[in-house]
Amino acid sequence: MEPALDKEKFFRPSYIASVELPQRTGPVNVEDIKADLSDEFSLVSSSSDISQRSSLESKGHIQVCLRIRPFTSLEKENESQDCVSLEDSTSIILKPPKNSLSRLSEKTAGQLIQKFTFSRVFGPETTQEEFFEGTMKQPVQDFLEGYNRLVFTYGVTNAGKTYTFQGTEDDVGILPRTMDMLFKSIQGKLYTAMDLKPHRCRDYIKLTKDQVREETSIKNAILRLTKEVRGVIMLNLQSYF
Ligand SMILES: Nc1ncnc2c1ncn2[C@@H]1O[C@H](COP(=O)(O)OP(=O)(O)OP(=O)(O)O)[C@@H](O)[C@H]1O
């Protein structure tokens, strides 16, 4: 049986390798850099023909989602104030706390009200499942099709990063849900023969029968050696008592 490596399907695009660096002709101002980068990114998308299958391509290379957590019981007891209000599914309004308003002029207080826009905003009532469906499911699907995806949480202490990533035993977060999706997707597709060997960092080679025998005897020799070494350590430990 041939190894199930379909190079085209499992192509992971390398953005760095595929972009030709432009020659620098003189001083560059920030606006030029912005223009250059957007040019390069559109060049990468069209040259690697990945646009139609990737969720991120249609929405931009980076997605920033905001999750607003509910107040904890302690915060409720302390009558914490709600300073964030959801405007729609992509934006929020941030207001200064009420007790700070008395110290501010009307004009300054007005200036402190700010609007922020994200790829998507998830309100305090969002369940772990809804959050996973709305943020992670597509990137995990993309990963299974051979694309690299990076996901991280960012926020001040107590913002809810651990809850979102790890979750609780009763209501798990995006990491266990991702693992579950990955393992379910490989069920029944495992290659059980022991004749593949990692080669360089992300390739592998199929061994001939002789090579399989050679590998097995090397592994057995290493196993014997570790057992002997463990025996020596045990003896040394015993000699201290
Ligand atoms: N979506 C949520 N629903 C209910 N409770 C939440 C939610 N998000 C966070 N919490 C609760 O808020 C508190 C702070 O969350 P968490 O510990 O995840 O914050 P954190 O950002 O990881 O903090 P730190 O950076 O200090 O580790 C915890 O008590 C957690 O259970």
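Keep in mind it's a predicted model, so treat the numbers as computed, not measured.

1. Examining the overall build of the protein chain
Item 1. Along its length, the protein chain carries ten helices and seven strands.
Item 2. Within the span of the protein chain, comprising 241 residues, buried residues form 19% of the whole.
Item 3. Contacts in the protein chain between residues at least 24 apart in sequence constitute 56% of all its contacts with a sequence separation of at least 6.
Item 4. Of the roughly 19200 Å² of accessible surface on the protein chain, 58% is carried by carbon and sulfur atoms.

2. Side note on the packing of helix α6 (residues 128-135) against helix α9 (residues 174-186)
Item 1. Running from N to C, α6 and α9 point in directions that differ by 60°, and their axes come no closer than 10 Å. The pairing of α6 with α9 is recorded here as oblique in orientation. α6 and α9 meet at a crossing whose hand is right-handed. Taking contact as the criterion, the partners of Q128, E129, F131, F132 and T135 in α6 are, on α9, I174, R177, T178 and M181.
Item 2. A per-class count over the contact of α6 with α9 returns four nonpolar, three polar and two charged.

3. With respect to the pairing of strand β3 (residues 91-94)
Item 1. Alignment of strand β2 (residues 84-86) against β3, held across three bridges, turns out to be antiparallel. Bridging across to β3, S85 finds its partner in I93.
Item 2. Between β2 and the antiparallel strand that follows it, β3, lie four residues.
Item 3. In the sheet, β3 pairs with strand β4 (residues 114-117) via four bridges, with the strands oriented antiparallel. From the neighbouring strand, L94 faces β4, where its bridge partner is Q114.

4. Observations concerning the packing of helix α7 (residues 137-144) against α9
Item 1. Interaxial distance between α7 and α9 falls to 10 Å at its minimum, and their mutual angle equals 35°. Of the two elements, α7 crosses α9, and the hand of that crossing is right-handed. Residues K137, V140, Q141, F143 and L144 of α7 pack against T178, M181, L182 and S185 of α9.
Item 2. Residues that form the contact of α7 with α9 fall into these classes: five nonpolar, three polar and one charged.

5. Considering the site of the ligand
Item 1. In the neighbourhood of the ligand, the contacting residues comprise R67, R69, P70, T72, V156, T157, N158, A159, G160, K161, T162 and Y163.
Item 2. Side-chain polar atom of T157 to an oxygen atom of the ligand: 2.4 Å apart, as the coordinates give it.
Item 3. In this structure, T162 approaches the ligand through a side-chain N or O atom, which is 2.5 Å from an oxygen atom.
Item 4. A total of 630 Å² of accessible area belongs to the ligand in isolation, and the protein chains cover 66% of it.
Item 5. Considering every element that reaches the shell around the ligand, the biggest residue donor is helix α8 (residues 161-165), with three residues.
Item 6. Residue classes in the shell around the ligand are distributed as four nonpolar, five polar and three charged.

What counts, and at which threshold
Residues numbered from 1 in each chain as written. Predicted model: local features only at pLDDT ≥ 70, side-chain atom pairs only at ≥ 80, totals over all residues. Heavy atoms only, no water. Helix = DSSP H or I, 4+ residues; strand = E, 2+ residues; numbered from the N terminus. Buried < 20%, exposed > 50% of the residue type's maximum accessible area, 1.4 Å probe, protein only. Contact = heavy atoms within 4.5 Å. Areas by Shrake-Rupley, 256 points an atom, 1.4 Å probe, with all protein chains shown as cover. Axes fitted to C-alpha atoms, helices over the stretch in contact; angles between N-to-C directions. Parallel < 35°, antiparallel > 145°, perpendicular 65-115°, else oblique. Left-handed = near helix turned anticlockwise from the far one by under 90°. Nonpolar A, V, L, I, M, F, W, Y, C, P; charged D, E, K, R; others polar. Pairing = 2+ DSSP bridges. Near = heavy atom within 4 Å. Polar contact = N/O pair within 3.5 Å; in protein donor to acceptor, adjacent residues only side chain to side chain.

Interpretation in functional terms is not warranted from these geometric data alone.
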